[in-house]
Amino acid sequence: MKIKPAHLAYGLSALFIGIISCKKDNSLTSTTTTTTTTKTTGTAPVPDIYKKIYNTTDMYVDGNYLVIKTTSLPDHKSPYYKNTQWASTKYEAYNGTNPLWNQNPNTIAESDITFKIPLNPTVATTHSATPLGPMGVAINGVPIFNQYAAGGTPLTGEVNSFDQYNGHPQQQGQYHYHAEPYYLTTTKGKDALIGFLLDGFPVYGPMENGKTITNADLDAYHGHIAATADYPGGIYHYHTTAADPYINGNGFYGTPGTVSQ
């Protein structure tokens, strides 16, 4: 089911139901970046591509997997930092462009999470569906969710609670992105690496070779095989797009690793 873009009108009642149901679930202004030293407790070296992941508490190689541990706290400001222990440096009132924006009742809280993704991802024989809750991790340690609210319902109302950086917290306070993380694509580039899904395949922003990617350019899993700056020999990768499913389509292209909280 395709969802209309966030800027179109939706009923406030649908919004309220949507924001309460997210249980597992634009403008760039002055931000405060958290500098976090990534630990590497494993003995095998972490491949260079994964060193682009920051704001972690630990990251190391475990056999054929990369383990990434984070607190899920965004390194950018947000209205959802209001009334938290980080408010003095991280709170920023909503200053985005959505006229229907309505802050949900949740606030950001630390949410320790461990991602274990394949170092050498391969296409799956059977493609599994993406879960509600974390299906990947952005390079700033923030979880990536799929295109659904709790219960597999559309994000129709919930999109209006996304802050100016296109994320929000669920009821337990875990901040996450369902769509393009504007802070990352603005500071790193619209064509930059912005994360990895649990199957180990990378996620890029909405541009490639100077072109804005649309759903028509991608397969059922919201990706394609092409060369990138990080993988000049080509690799399957996902893209964020402006329309549903935003980051991922009908499931993982590869076999997913695990996530624990």
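As the structure is a prediction and not an experimental result, all values here were calculated from the model.

Q: I would appreciate a short explanation of the overall build of the protein chain in the present structure.
A: Of regular secondary structure, the protein chain possesses 3 helices and 14 strands. Taken over 261 residues, the protein chain has a buried fraction of 53%. Total accessible area computed for the protein chain in this model is approximately 11100 Å², and 54% of it derives from carbon and sulfur atoms.

Q: I'm lost on the pairing of strand β8 (residues 193-197) in this one. Help?
A: The side chains of a regular strand alternate between both faces of the sheet. With respect to burial, β8 is a largely interior element, 5 of its 5 residues being buried. For strand β4 (residues 136-138) and β8, the ladder comprises 3 bridges, and the chain directions are antiparallel. Considered in β8, the bridge of valine 137 is made with phenylalanine 196. As judged from the 3 bridges shared by β8 and strand β9 (residues 202-204), these two strands associate in the antiparallel manner. Bridge pairing links phenylalanine 196 to proline 202 in β9. Between β8 and β9, which follow one another and run antiparallel, lie 4 residues, and glycine 200 among them has a positive phi close to 90°.

Q: Teacher, can you tell me more about the pairing of strand β13 (residues 235-239) here?
A: Across the 5 residues of β13, 5 count as buried, placing the element largely inside the fold. Of the two faces of β13, the one carrying Ile235, His237 and His239 and the one carrying Tyr236 and Tyr238 are both buried. Bridge count for β9 against β13 is 2 bridges, and the pairing is parallel. In the sheet register, tyrosine 204 faces β13, and the bridge partner there is histidine 239. Bridge count for strand β12 (residues 223-226) against β13 is 4 bridges, and the pairing is antiparallel. When the sheet's bridge partners are listed, isoleucine 225 is paired in β13 with tyrosine 236.

Q: Looking at this structure, how should I read the pattern of salt bridges?
A: Once their charged atoms are close, side chains differing in charge can pair, the charge on each being opposite to the other. Evaluated as defined, the whole model comprises 5 salt bridges. Between lysine 51 and aspartate 48 there is a salt bridge, and its shortest N-O distance comes to 3.2 Å. The shortest N-O distance in the salt bridge between lysine 52 and aspartate 230 comes to 2.5 Å. Placement of lysine 52 in the loop between α1 (12-21) and β1 (58-62) and of aspartate 230 in the loop between β12 and β13 is noted, with a sequence separation of 178 residues between them. You can call lysine 52 partly exposed: its relative accessible area is 41%. For aspartate 230, a relative accessible area of 22% translates into the label partly exposed.

Q: Teacher, can you tell me more about the sheet that holds strand β14 (residues 258-260) here?
A: The pairing of strands in a sheet comes from backbone hydrogen bonds and takes either a parallel or an antiparallel form. Strands sit in the order β1-β2-β3-β14 across an open sheet of 4 strands; the sheet is antiparallel. The open sheet terminates on both sides in strands that have one partner only, identified here as β1 and β14. Sheet twist, expressed as the mean angle between neighbouring strand axes with direction ignored, is 15°. As paired strands, strand β2 (residues 65-70) and strand β3 (residues 113-118) are joined by 6 bridges and run antiparallel to one another. Counterpart to threonine 70 in the pairing with β3 is isoleucine 113.

Q: Just to check I follow, could you spell out the nonpolar core for this structure?
A: If you look at the biggest cluster of nonpolar residues, it comprises 52 residues, and the most contacted ones within it are Tyr50, Ile53, Leu66, Ile68, Phe196, Leu197 and Tyr238. It is β8 that contributes the most residues to this core, 4 residues altogether. Residues contacting leucine 197, with those up to four places away along its chain left out, are Ile117, Met135, Gly136, Ile144, Val203, Tyr238, Ile247, Asn248 and Phe252.

Q: Just to check I follow, could you spell out the environment of glycine 157 for this structure?
A: Along the chain, glycine 157 falls in the loop between β5 (143-144) and β6 (167-169). For glycine 157, a relative accessible area of 4% corresponds to the buried category. Glycine 157 sits 55 residues away from asparagine 102 along the chain, and the two C-alpha atoms are 9.8 Å apart.

Q: What should I look at first to understand the confidence of the model for the protein chain in this one?
A: Interpretation of the predicted coordinates at a detailed level should be avoided for regions scoring low in pLDDT. For the protein chain, the average pLDDT comes to 88, and 84% of its residues sit at 70 or higher. Under a pLDDT of 50 for its full length, residues 1-21 has, in the predicted model, 45 contacts with residues more than four places off or in other chains. This model gives residues 23-38 a pLDDT under 50, and the stretch forms 57 contacts once residues within four places in sequence are excluded.

Criteria and cut-off values
- Residues numbered from 1 in each chain as written.
- Predicted model: local features only at pLDDT ≥ 70, side-chain atom pairs only at ≥ 80, totals over all residues.
- Heavy atoms only, no water.
- Helix = DSSP H or I, 4+ residues; strand = E, 2+ residues; numbered from the N terminus.
- Buried < 20%, exposed > 50% of the residue type's maximum accessible area, 1.4 Å probe, protein only.
- Areas by Shrake-Rupley, 256 points an atom, 1.4 Å probe, with all protein chains shown as cover.
- Pairing = 2+ DSSP bridges.
- Salt bridge = Lys/Arg side-chain N within 4 Å of Asp/Glu carboxyl O.
- Axes fitted to C-alpha atoms, helices over the stretch in contact; angles between N-to-C directions.
- Core = buried A, V, L, I, M, F, W, Y, C linked by side-chain atoms within 4.5 Å.
- Contact = heavy atoms within 4.5 Å.
- pLDDT = per-residue confidence, 0-100.

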